[in-house]
Amino acid sequence: MEKAGGHIKRAKDLEVYKRAYVVSLDVHKATLAFPKMEQYALADQLRRSSKGICANLAE
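First, a word on what this report is: a plain description of the structure on this page. (Residues numbered from 1 in each chain as written. Predicted model: local features only at pLDDT ≥ 70, side-chain atom pairs only at ≥ 80, totals over all residues. Heavy atoms only, no water.)

1. Focus on the overall build of the chain
Step number 1: Within the chain one finds two helices and two strands.
Step number 2: Secondary structure elements of the chain occur, N-terminal to C-terminal, as β-β-α-α.
Step number 3: Expressed as a percentage of its 59 residues, the buried residues of the chain come to 19%.
Step number 4: Taking all contacts inside the chain whose residues are at least 6 apart in sequence as the whole, residues at least 24 apart take part in 31%.
Step number 5: Taken as a whole, the chain presents about 4,700 Å² of accessible surface, with 59% of it coming from carbon and sulfur. (Helix = DSSP H or I, 4+ residues; strand = E, 2+ residues; numbered from the N terminus. Buried < 20%, exposed > 50% of the residue type's maximum accessible area, 1.4 Å probe, protein only. Contact = heavy atoms within 4.5 Å. Areas by Shrake-Rupley, 256 points an atom, 1.4 Å probe, with all protein chains shown as cover.)

Listed below in structure tokens is the structure:
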């Protein structure tokens with residue numbers, strides 16, 4: 001992990017960010033197998049929320 005003066009430079013260096021990113025990819029892959037009826041509502045919501053975790057960590 002890169003640190004500058006005791007601070008982390010990038011969110012991507014955090015272990016929790018790396019794990020959240022992997023989970024986000026897993027969620028996306030899993031939602032591709034959802035029934036056609038759920039592809040546009042539930043699957044989309046799950047994809048956006050899983051990506052939101054990484055975005056919130058970066059903020």
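Let us keep going from here.
2. Here we look at the side chain of S24
Step number 1: The topology assignment puts S24 in helix α1 (residues 15–31).
Step number 2: Residue classification places S24 among the buried positions, given a relative accessible area of 7%.
Step number 3: What S24 contacts, discounting residues up to four positions off in sequence, is S50 and K51.

3. Focus on a nonpolar patch on the surface
Step number 1: Together, V16, I53 and L57 make up an exposed nonpolar region whose accessible area comes to about 230 Å².
Step number 2: Here L57 lies in helix α2 (residues 42–58). (Patch = residues over 30% accessible without salt bridge, like charges linked within 9 Å, V, L, I, M, F, W, Y side chains within 5 Å. Salt bridge = Lys/Arg side-chain N within 4 Å of Asp/Glu carboxyl O.)

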